[in-house]
Amino acid sequence: MIEAWMSRRSALVWGAAALTGGAARAQLKSGDDPEASPRWQQVRGSLFKGRALRDNVGDVITLEAPARAEDAAIVPIVIRARFEQRPERYIKQVHLIIDNNPSPISAIFTYTLDSGRADIETRVRIDEYTFVRAIAETNDGQLHMATRFVKAAGGCSAPPGKDAAAAQATLGQMRLRVQGDAAPRAPVLAQLMISHPNDSGLVMDQATRQYTPPHFVRRIDVSAGGRLVLSADLDFSISENPNLRFYFVPRDDAGTLEAVVVDSNELRFQQTLAYRPSP
Amino acid sequence: MTAGGAARSARRTRGVGRALVAACTVALALGCASSAADDAAATELAPGVFMVRGSGGTAEPANAGRIGNSGFIVGDSGVIAIDTGTSYRHGRALLARIAQVTDKPVRLALITHVQPEFVFGGSAFRERGIPIRMHANAASLMASRCESCLKNLNRVLGSDAMAGTTMFVPDQVFEQTHTLARSGRAVRVIYLGHSSGPGDVAVFDEASGVLFAGGLLDERRIPDVQDGDLAAWLDALARLRELPLRRIVPGHGGATTVAAIDAQARYLSGLQTRMADLLNAGAGLSEAPDAANLPDFAAWDQYDTIHRRNASIVYIRLERELLFK
């Protein structure tokens, strides 16, 4: 599945690059017509060809993104489900698309009933003014989209030259947090922080004129008490030090939350956190 | 530009001095937008110590990006320029201000810190053969990112305002606090470690007690914490306060006194405390800018922009500290 997705992603990168600047840029300044985005039409054709898509109805998911980003390298994105995960109705998967990024398909989040809520908060890089989209697929196979236009662009906000040695020393260090008391059978908010440069391979060091090779987190699996609660296929649009806030349902008296992270160099990192639901 | 346009422009940049507004009113018929920036006057704060005030606000065509302060100190044998402005044209305007006051030669241009509005006028000083001096760490920071800053400025201000402006490397770098005597006047360059930014320095004129605070201090403007280390910055402000200060030229805003140091220290600690509280309460990064309101500073320049970014930056730093606890 991962391989299939990766090759599709590569195809998209090249497809997007082949689009001429004129068409792609003509609609950049305006957030008026999300359907006119040529990158989106291309992504849609690739991922959801021929399928109906409920657009911005707001009864399945909502998307929060700043209209103007404080920092283009770390733009917070929040996708919220409008209902809890129940056998009769739940969200199976959510695609996060950033139309005008070099690789538009930024993340694919897969949820289970043990997720409790199919919410996610993460942080992304945004290269140009762009539409951001979250597309949820519910268990009945319907697609539901929420769209936001974000004004963000790289500029003078680049931090002082990153210390590559320091980043290497902490590579793969992780922390899991559970917010508040975990009550059994009710969704609990958790957070996963990963120390990782998430290099895109597209950034030139101005001082050395060298490109830093791509090295980014590509897959995260989180389980609670051995049950999968979240899988994420990720791309280099995710900001450095990837950070996910998500829900899970503690089902046992006590259990272990476990995160397994694999990056594009096939390095594997693991972190666990014991939790004990309050009675 | 119409009179209404001039007034709106003045309100937009909040900190514009009354003198500049008056100059605009007089200069309306001549086209204020192009002449206002060139006409920023040199104010003598103490004998031989001059400030040229920037407009405040953010870089935009109406202010030609000349938002930061600069100044110069006239000694017996020459002049030391402090910060060089935003562009080649701005640098030339600053040199013209110096020439109106004295015919002594400009010996040196000292750049206090690496923000575009203090750096890129260096092209004009370079053209005159005036050596450009900055801290070694500031020079590294400039090399690592200022090419992007310059592209950004060209995009925002236009190629006319930025004509002749180029990247450069300084002629002289230094690492420690030292006294410059080349103007025939003792001018102390003070480096207090990585505070508001790597290689940020303040400049103290011993004879008059005037301090050019550079990136370390803004007056009634939200300081940008992007390059700063908050704890070290607060220490540095406390150490500047120990100097026999009479007047202070901040990086942005009007000439001021130690009260501005205290106000900025309150802002920096208030920001740190607020973001730590939010993080501990479980707020996400998405909530940080809205939840970070600090009403005591809401009237400061750039509260709606830099403060919101500061909130996110400090939140992320504190969160990262959690990761390694």
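Because the structure is a prediction, the values reported are computed rather than measured.

**Points about the overall build of chain A**
So, point 1. Broken down by element type, chain A carries four helices and 15 strands.
So, point 2. Residue pairs in contact within chain A that sit at least 24 positions apart in sequence constitute 69% of those at least 6 positions apart.

**Observations concerning the sheet that holds strand 9 (residues 174–178) of chain A**
All names here are of chain A.
So, point 1. Pairing in this open sheet of six strands is antiparallel, and the strands run 2-3-6-13-10-9 from one edge to the other. The open sheet has two edge strands, strand 2 (61–64) and strand 9, and neither has a second partner. Strand-to-strand, the axes of this sheet are offset by a mean angle of 15 degrees, without reference to chain direction.
So, point 2. With six bridges connecting them, strand 10 (residues 188–194) and strand 13 (residues 243–248) associate as antiparallel partners. Following the sheet pairing, Val188 is matched in strand 13 by Phe248.

**Focus on the sheet that holds strand 3 (residues 70–74) of chain B**
All names here are of chain B.
So, point 1. Reading across the sheet, the seven strands line up as 1-2-3-4-5-6-7 and stay open at both edges, with mixed pairing between neighbours. Both outer strands of the open sheet, strand 1 (42–46) and strand 7 (172–174), are each paired with one neighbouring strand and no more. Between one strand axis and the next, the sheet turns by 25 degrees as a mean value, whatever way the strands run.
So, point 2. Looking at chain direction, strand 4 (residues 79–82) and strand 5 (residues 106–110) are connected through four bridges and run parallel. Within strand 5, the residue paired with Ala81 across the bridge is Ala109.
So, point 3. Helix-sheet contacts for helix 7 (residues 136–157) involve strand 6 (132–135) and strand 7, and the interaxial angle to strand 6 is about 100 degrees.

**With respect to the nonpolar core**
So, point 1. Membership of the largest hydrophobic core comes to 144 residues, with the highest contact counts inside it found for Val75 and Val94 of chain A together with Ala81 and Ala202 of chain B.
So, point 2. Among residues more than four places away in sequence, those in contact with Val75 of chain A are Ala65, Pro66, Ala69, Arg123, Val124, Ile126, Val150 and Ala152 of chain A.

**Details of the interface of chain B and chain A**
So, point 1. Between chain B and chain A, the contact holds 25 residues from the first and 25 residues from the second.
So, point 2. Counting only elements with at least two residues in the side of chain B that touches chain A, the list comes to helix 7 and helix 11 (306–323) of chain B.
So, point 3. Among the residues forming the side of chain B that touches chain A, the class breakdown is 10 nonpolar, eight polar and seven charged.

**Focus: the packing of helix 9 (residues 258–280) of chain B against helix 11 of chain B**
Residues and elements named next belong to chain B.
So, point 1. The N-to-C vectors of helix 9 and helix 11 enclose an angle of 60 degrees; their axes lie 9 Å apart at closest approach. When the interaxial angle is binned, helix 9 and helix 11 end up oblique. Both helix 9 and helix 11 take part in a crossing whose hand is right-handed. Together, Leu271, Gln272, Met275, Ala276, Leu278 and Leu279 of helix 9 and Asn310, Ala311, Val314, Tyr315, Leu318 and Glu319 of helix 11 make up the contact between the two elements.

**What to know about unusual backbone geometry**
All names here are of chain A.
So, point 1. Positive phi is not limited to glycine here, since Asn198 has a value of about 50 degrees.
So, point 2. Along the chain, Asn198 falls in the loop between strand 10 and strand 11 (217–224).
So, point 3. Owing to 23 C-beta atoms within 10 Å, Asn198 belongs among the buried residues under this scheme.

**Regarding the confidence of the model for chain B**
Close reading of the predicted structure is inappropriate where its pLDDT is low.
Residues and elements named next belong to chain B.
So, point 1. For chain B, the average pLDDT comes to 89, and 88% of its residues sit at 70 or higher.
So, point 2. Across residues 1–36 the pLDDT falls below 50, and counting only partners more than four positions away or on other chains, this stretch makes 41 contacts in the model.
So, point 3. The ipTM assigned to the predicted complex is 0.84, against a pTM of 0.86.

**So, the packing of helix 8 (residues 230–241) of chain B against helix 9 of chain B**
Describing two packed helices takes the angle between their axes plus the distance from one axis to the other.
Residues and elements named next belong to chain B.
So, point 1. Two elements in contact, helix 8 and helix 9, have axes whose closest approach is 10 Å; the angle formed by their N-to-C orientations is 165 degrees. It follows that helix 8 is roughly antiparallel to helix 9 by the angle criterion. The crossing of helix 8 and helix 9 is left-handed. Across from Leu230, Trp233, Leu234, Leu237, Leu240 and Arg241 in helix 8, the residues of helix 9 making contact are Val258, Ile261, Gln264, Ala265, Leu268, Ser269 and Gln272.

Conventions and cut-offs
Residues numbered from 1 in each chain as written. Chains lettered and ligands numbered in written order. Predicted model: local features only at pLDDT ≥ 70, side-chain atom pairs only at ≥ 80, totals over all residues. Helix = DSSP H or I, 4+ residues; strand = E, 2+ residues; numbered from the N terminus. Contact = placed C-beta atoms within 7 Å. Pairing = 2+ DSSP bridges. Axes fitted to C-alpha atoms, helices over the stretch in contact; angles between N-to-C directions. Core = buried A, V, L, I, M, F, W, Y, C linked by C-beta atoms within 7 Å. Buried ≥ 20, exposed ≤ 12 C-beta atoms within 10 Å, placed from the backbone. Nonpolar A, V, L, I, M, F, W, Y, C, P; charged D, E, K, R; others polar. Parallel < 35°, antiparallel > 145°, perpendicular 65-115°, else oblique. Left-handed = near helix turned anticlockwise from the far one by under 90°. pLDDT = per-residue confidence, 0-100.

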